[in-house]
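Per-entry structural report
So the chains spell out like this:
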Amino acid sequence: MTPRIQRAGIVAKQGLAASELLTQLGAWLRDHGVTPVFEAGTAALAGTTRDGTFSREDLPAQVDLIVVLGGDGTLLAMADRTAQAGRDIPILGVNFGSLGFLTEIRIDELFTSLEAVVNGTATYDERLMLAATASLRGKPDDTRVVLNDVVFTKGALSRMIELSVSVSGRFVTRVKADGLIIASATGSTAYNLAVGGPIVHPSVDALLLTPIAPHTLTNRPVVIPGDAEVEVRPEAPDGAEDVFVTYDGQYGYPVHEGDVIRVKKAAHLLRLVKAPARGYFELLREKLKWGER
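Scope of this entry: the structure provided in the associated data block. Keep in mind the model is a prediction, meaning the values are calculated, not measured.

1. Points about the overall build of the chain
- Counting its regular elements, the chain contains 6 helices and 17 strands.
- Taken over the C-alpha trace, the chain has a radius of gyration of 20 Å; the compact-globule value for 293 residues is 19 Å, and the two agree within 12%.
- Principal-axis analysis of the C-alpha atoms places the extent of the chain at approximately 60 × 45 × 35 Å.
- Taking all 293 residues of the chain together, the buried fraction comes to 50%.

2. Some details on the sheet that holds strand β15 (residues 243-247)
- Overall, antiparallel pairing links the 6 strands, which are arranged β13-β12-β11-β8-β15-β16 in an open sheet. On the outer flanks of this sheet lie β13 (222-225) and β16 (251-255), each paired with one strand and no other. Within the sheet, the average angular offset between the axes of one strand and its neighbour, ignoring direction, is 20°.
- Pairing between strand β11 (residues 179-184) and strand β12 (residues 206-212): 6 bridges, direction antiparallel. Across the sheet, residue Leu180 finds its bridge partner in β12, namely Pro211.

Cut-off values and rules
Residues numbered from 1 in each chain as written. Predicted model: local features only at pLDDT ≥ 70, side-chain atom pairs only at ≥ 80, totals over all residues. Heavy atoms only, no water. Helix = DSSP H or I, 4+ residues; strand = E, 2+ residues; numbered from the N terminus. Rg over C-alpha atoms; globule rule 2.2 N^0.38 Å. Buried < 20%, exposed > 50% of the residue type's maximum accessible area, 1.4 Å probe, protein only. Pairing = 2+ DSSP bridges. Axes fitted to C-alpha atoms, helices over the stretch in contact; angles between N-to-C directions.

Here is the structure:
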């Protein structure tokens, strides 16, 4: 059960024209005995600082719920920060974008959904997240927690990259491609889908390995058990900095031969407030026109 919501964090997409809605949201929360806590940039959009503000990094530690207004990118940023902070708090995502697989609640459903959360009657989707640890030569290990994917891509001048891939300690293959995606089931409808990977229901305990434009006909997407650990080693004999790793498209850096990136299921799950009247397959039909063309 979700503990009583006493403080709700509010985060809006940068530059979002939603000052009136932010004002209404703050007033609604106060009327229902919940203190609104604005992320610093969102407070500027709303024209208020009366309740104190926090950075996106610090906000998860201060609240019992996060309301995200924007698109999937904004929600991803907060999901990753919430997991990184070790907080088990729900996120309510309101879609202001054109797609929005994660921010699935419509604007007209915001206050109905909020009321269910505050009253303790809301339902939640629990989503598997990924923990990635990069062991880089001469640097401390870097650990990230992401919702969608860990992606290896080539640099602007690189024709192809080579990656040695092992699963749970056993060598699998050497990927020769434009890149490689390690995705969660939730991330199956993100970059993975764009490059021809499979759609996997978010309740499935699985990881996906999807090559990007593979240079061999036998490289195909693979679905592996959720308790597996994937180990990726860049192969760059000439020492060129032509392989980049990115985390949910939010952060990244070059990796080199000798570096190792290990990806496995994270200890924390993400809890998303469910849309009141739509299931997963309804969402697919609505967002992708799935099965209609």
